[in-house]
Amino acid sequence: MICSPSFLSCDFSKLETEIKSINHAKWLHFDVMDGIFVDNITYDEKMVKKIKAISSQFFDVHLMIIEPEKHIEEYIKVGADLITFHLEATEDSLELIKKIKKSNVKAGISIKPQTSVESLDHLLPYLDLILIMSVEPGKGGQKFIEDSLPKISYLSRKKQLYNYNYLIEVDGGINLETAKRVRQSGCDVIVVGSFLFNSSNRNQLIEELENV
Ligand code: DX5
Ligand code: ZN
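Just so we're clear, the structure is a prediction, and the values are computed from it rather than from any experiment.

Q: Please explain the nonpolar core as it appears in this structure.
A: Grouped burial of nonpolar side chains is what soluble globular proteins tend to show. In terms of nonpolar packing, the biggest core is built from 60 residues, with Phe7 and Phe30 touching the most fellow members. With four residues, helix H5 (residues 148-162) is the single largest residue contributor to this core. Here phenylalanine 7 is in contact with Phe12, Leu15, Ile19, Leu28, His29, Phe30, Tyr43, Met47, Ile51 and Phe197, once residues within four sequence places are set aside. Trp27, Met133, Val135 and Val189 belong to the second-largest nonpolar core, a separate cluster that totals seven residues.

Quick look at the structure:
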């Protein structure tokens, strides 16, 4: 699997050092929160621009914001490699997916725990990635929600059946035990925040997580 560290739980007073401490990860996960779609506020495209100057990783940008269609351009401009927005946050998901892809950026969609995975069916042929939230979006350090597993298996089966190209990513409550379970269900990418940033040997833990 690919590990996409979320630095939401890092020590922001030494951000550069924290980002360098996970340089074995090929991806880097940005948790953008607007305080409306989710209660918490984190950062905006300026954080992506700032970290672009010190990292050559694949920038996996998770927009937990309302009206993502109004902000996509900003994230494309600062160098996002993948932009994932929430199905629950916009009226015309297909339009937005096409707009992102037209800019040669990968397009992802995410669903919250209480949103059914079948609600994505009509979008599957167009997506580069689907992000299954295995915690309620808004903060790190929460417990993994078991009901995420059948959603992963559902998407994995559809992918095989119809030969779709999307990656399946899971975000929230990932540790060595839950990483193994989501892999067994068909997950391709794991977002790991607190479990990684609470550890001292992060690059070694990234290797372990990618090979559970
Ligand atoms: C929730 C965030 C978190 C974060 C990962 O909105 O998206 O899921 O990325 O946090 P941990 O790994 O601490 O659950
Ligand atoms: Zn996230």
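Q: Where do I start with the site of ligand 1 in this structure?
A: In the neighbourhood of ligand 1, 19 residues make up the surrounding shell, with Asp31, Gly138, Asp171, Gly193 and Ser194 lying closest. Contact between ligand 1 and glycine 141: an oxygen atom at 2.8 Å from a main-chain N or O atom of the residue. Between ligand 1 and aspartate 171, the relevant distance is 2.5 Å, taken from an oxygen atom to a side-chain nitrogen or oxygen of the residue. With the chains in place, 100% of the 370 Å² that ligand 1 exposes on its own is no longer accessible. Sorting the residues of the shell around ligand 1 by element identifies strand S2 (27-33), strand S3 (58-64) and strand S8 (189-192) as the ones contributing at least two each. Class assignment of the residues belonging to the shell around ligand 1 gives a composition of seven nonpolar, nine polar and three charged.

Q: I would appreciate a short explanation of the packing of aromatic side chains in the present structure.
A: To describe a pair of aromatic rings, you give the distance between the ring centres and the angle between the ring planes. Here the structure, examined in full by the defined rule, presents eight aromatic pairs. Seen from their ring centres, phenylalanine 30 and tyrosine 43 are 6.5 Å apart, and the 90° between their planes marks the pair as edge-to-face. Of this pair, phenylalanine 30 sits in strand S2 while tyrosine 43 sits in the loop between S2 and helix H2 (45-52), and the two are 13 residues apart along the sequence. With a relative accessible area of 0%, phenylalanine 30 lands in the buried category. Judged by its relative accessible area of 10%, tyrosine 43 is buried. With a centroid separation of 5.9 Å and an interplanar angle of 35°, the aromatic rings of tyrosine 164 and tyrosine 166 are classed as tilted. A relative accessible area of 0% means that tyrosine 166 is categorised as buried. Three or more aromatic residues joined by ring pairs make a cluster, and in this case those are Phe7, Phe12, Phe30, Tyr43 and Phe59. Geometry around phenylalanine 59 places lysine 52 over its ring, the cationic atom sitting 4.5 Å from the centre.

Conventions we followed
- Residues numbered from 1 in each chain as written.
- Chains lettered and ligands numbered in written order.
- Predicted model: local features only at pLDDT ≥ 70, side-chain atom pairs only at ≥ 80, totals over all residues.
- Heavy atoms only, no water.
- Core = buried A, V, L, I, M, F, W, Y, C linked by side-chain atoms within 4.5 Å.
- Buried < 20%, exposed > 50% of the residue type's maximum accessible area, 1.4 Å probe, protein only.
- Helix = DSSP H or I, 4+ residues; strand = E, 2+ residues; numbered from the N terminus.
- Contact = heavy atoms within 4.5 Å.
- Near = heavy atom within 4 Å.
- Polar contact = N/O pair within 3.5 Å; in protein donor to acceptor, adjacent residues only side chain to side chain.
- Areas by Shrake-Rupley, 256 points an atom, 1.4 Å probe, with all protein chains shown as cover.
- Nonpolar A, V, L, I, M, F, W, Y, C, P; charged D, E, K, R; others polar.
- Phe/Tyr/Trp six-rings, centres within 6.5 Å; stacked < 30°, edge-to-face > 60°.
- Lys NZ or Arg CZ within 6 Å of the ring centre and 35° of its normal.

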